Amino acid sequence: MRRFLLSSAIILGLILNAICIGLSFSVQSVYSSGKITLQPTIVNGYNSSKVVILAFDDSSKNQFILAKPILDKYGFKGSFFTVCNYVNNATAGYKPYSHNYMAWQDIKTLQKQGHDIESHTMTHTNLDTKSIQALEYELGGSKQCLLDHGIDSTIFSYPSSHGDSNTTVVKVVSKYYDLARTADAPLAFLHCNGYGKEKDCRPFNNNNGKLGYEHRYSIREWGHHPHIEGYQPSTNSVVPSFNQSQMFNQFVKEVNSQQNYNKNGCIVAIPIVVYHKILPGNIVYTPNKSSIDVNLFSAEMKYLHDNGFKVIKTSDLGYNQTNNHVYIKQLNSNNNNNNSNAYAKNC
Ligand SMILES: [Zn+2]
């Protein structure tokens, strides 16, 4: 969660209008309700299928009020990562947005309507600095808290991405969860080989027991931050920003980057886009914050719909103990399946 929000100029409204007018994409998607069916597109001569996960962290009420109706419009299901002590709590969290969290009733509604509810700790604390007892409370406690509300969470996300490279933290995470999400990279690689350091998704090296860089408990997400060429937080005193149009263009680039990897229906890389606050307008996008204008969110969902993306949930991901890969549960793993209807498969 980022705490920086910049108030913006009226001109952004004009820019936004220009974006919306410019968004006329062909509608090609017809989704089946059961198994995952994907629309193939031809990229560089290969069939390509496009998948995306939409995650929502921190239990903000505005996700329920502003984002859910847009998800509903397109039949998309989100993955909501819950901070147990924020729920029903009017005073928790970062100022100045600390007075508006979901109620358990909202979360039950999301669950009933097929959205994915997962864990994001009890208090949204920095896990890197915690004792074993505190880690047990944050990780085991949030698992139990959700269970007490009829929700069996198997996936975890690290608050502010702290703890994913800490052996003690990962060991406690692994006691309670199958997978965990962290920042920040364009794609989640299902074989954990995307960033060049690992052979599979086991967290600890078989030979020396050391915690790896990319594994089942550090599945990469993209926090909807602008990536601004040449910007270094340590050396640039002025934080650069994107306007709505630039941010939309980056989103499009981000969700399409999987086409470099998912060839011939083999799904090996998925963008996991993480949203935080959904706000009713006037946002400037900077690398150190992650709120989004509801109108841009709407444009992004329309883009996914109109361009045949299949939105899956984090709970659609499983872990294969034999090959130590993450996989998509509804897809088969038959590499020899040349059936033209089977566009997508685990490979
Ligand atoms: Zn968070």
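So, a few notes on the structure that sits alongside this text.

Criteria and thresholds
- Residues numbered from 1 in each chain as written.
- Predicted model: local features only at pLDDT ≥ 70, side-chain atom pairs only at ≥ 80, totals over all residues.
- Helix = DSSP H or I, 4+ residues; strand = E, 2+ residues; numbered from the N terminus.
- Buried ≥ 20, exposed ≤ 12 C-beta atoms within 10 Å, placed from the backbone.
- Contact = placed C-beta atoms within 7 Å.
- Axes fitted to C-alpha atoms, helices over the stretch in contact; angles between N-to-C directions.
- Left-handed = near helix turned anticlockwise from the far one by under 90°.
- Nonpolar A, V, L, I, M, F, W, Y, C, P; charged D, E, K, R; others polar.
- Core = buried A, V, L, I, M, F, W, Y, C linked by C-beta atoms within 7 Å.
- Pairing = 2+ DSSP bridges.
- Right-handed = clockwise from strand over helix to strand, strands pointing away.
- Expected span 1.5 Å × (residues − 1).
- Arc of directions from axis to C-beta.
- Parallel < 35°, antiparallel > 145°, perpendicular 65-115°, else oblique.

Let us now look at the overall build of the chain. The secondary structure content of the chain amounts to seven helices and 16 strands. Across the 347 residues of the chain, 41% fall into the buried class. Contacts in the chain between residues far apart in sequence, at least 24 positions, make up 70% of those at least 6 positions apart.

So, on to the packing of helix 6 (residues 244-256) against helix 7 (residues 294-306). Running from N to C, helix 6 and helix 7 cross one another at 30 degrees; their axes reach a closest spacing of 11 Å. Seen along the crossing, helix 6 lies across helix 7 with a hand that is right-handed. Contacts from Q244, M247, F248, F251, V252 and V255 of helix 6 reach helix 7 at L296, A299, E300, Y303 and L304. Here the residues of the contact of helix 6 with helix 7 are counted per class, giving nine nonpolar, one polar and one charged.

Within the largest apolar cluster, 74 residues are counted, with the highest numbers of intra-cluster contacts made by V173, A180 and I270. Beyond its immediate stretch of four places on either side in the chain, V173 contacts L139, F156, A180 and Y217.

Here the focus is the pairing of strand 7 (residues 179-183). In terms of burial, strand 7 is largely enclosed, as four of its five residues are buried. Two elements, strand 6 (residues 155-157) and strand 7, share three bridges in a ladder whose sense is parallel. From the neighbouring strand, I155 faces strand 7, where its bridge partner is L179. Crossover handedness for the path strand 6 to helix 5 (residues 167-176) to strand 7: right-handed.

With 13 residues, helix 6 ought to run about 18 Å at 1.5 Å a step, and its terminal C-alpha atoms sit 18 Å apart, in line with that. Within helix 6 the residues assigned to the buried category are Q244, M247, F248, F251 and V255. An end-on view of helix 6 places all buried positions within 100 degrees of arc, on one side of the element. Opposite the buried face of helix 6, at more than 90 degrees from it, the exposed residues are N249 and K253.

What follows deals with the environment of I267. Within the secondary structure, I267 sits in the loop between helix 6 and strand 10 (269-270). Spatially, the C-alpha atom of I267 lies 8.4 Å from that of K50, the residues being 217 residues apart in sequence. If near-sequence neighbours (up to four positions away) are discounted, I267 is found in contact with S49, V51, N262, I328, L331, A344 and N346.

Two elements in contact, helix 2 (residues 61-74) and helix 7, have axes separated by 10 Å at closest approach and are oriented at 20 degrees. On the basis of the axis angle, helix 2 is roughly parallel to helix 7. Where helix 2 crosses over helix 7, the two elements pack in a sense that is right-handed. For the pair formed by helix 2 and helix 7, the contact residues are L66, A67, I70, L71 and Y74 on the first element and V294, F297, S298, M301 and H305 on the second.

With that settled, the discussion passes to the environment of Q144. Among the structural elements, Q144 can be located in helix 4 (residues 132-148). With 14 C-beta atoms counted inside 10 Å, the residue Q144 sits in the partly exposed group. Through-space distance from the C-alpha of Q144 to that of S119 is 10.0 Å; in sequence the pair is 25 residues apart.

This paragraph deals with unusual backbone geometry. Look at the link from A183 to D184: it is a cis peptide, with omega at -10 degrees. By the element assignment, D184 lies in the loop between strand 7 and strand 8 (188-189). In this model, T121 sits at a positive phi of 80 degrees, which is unusual for a non-glycine residue. Here T121 is to be found in the loop between strand 5 (116-119) and helix 4. A tally of 26 C-beta atoms within 10 Å means that T121 is categorised as buried. Here the phi dihedral of C192 falls at roughly 60 degrees; this positive angle occurs in a residue that is not glycine. Structurally, the position occupied by C192 is in the loop between strand 8 and strand 9 (219-221).

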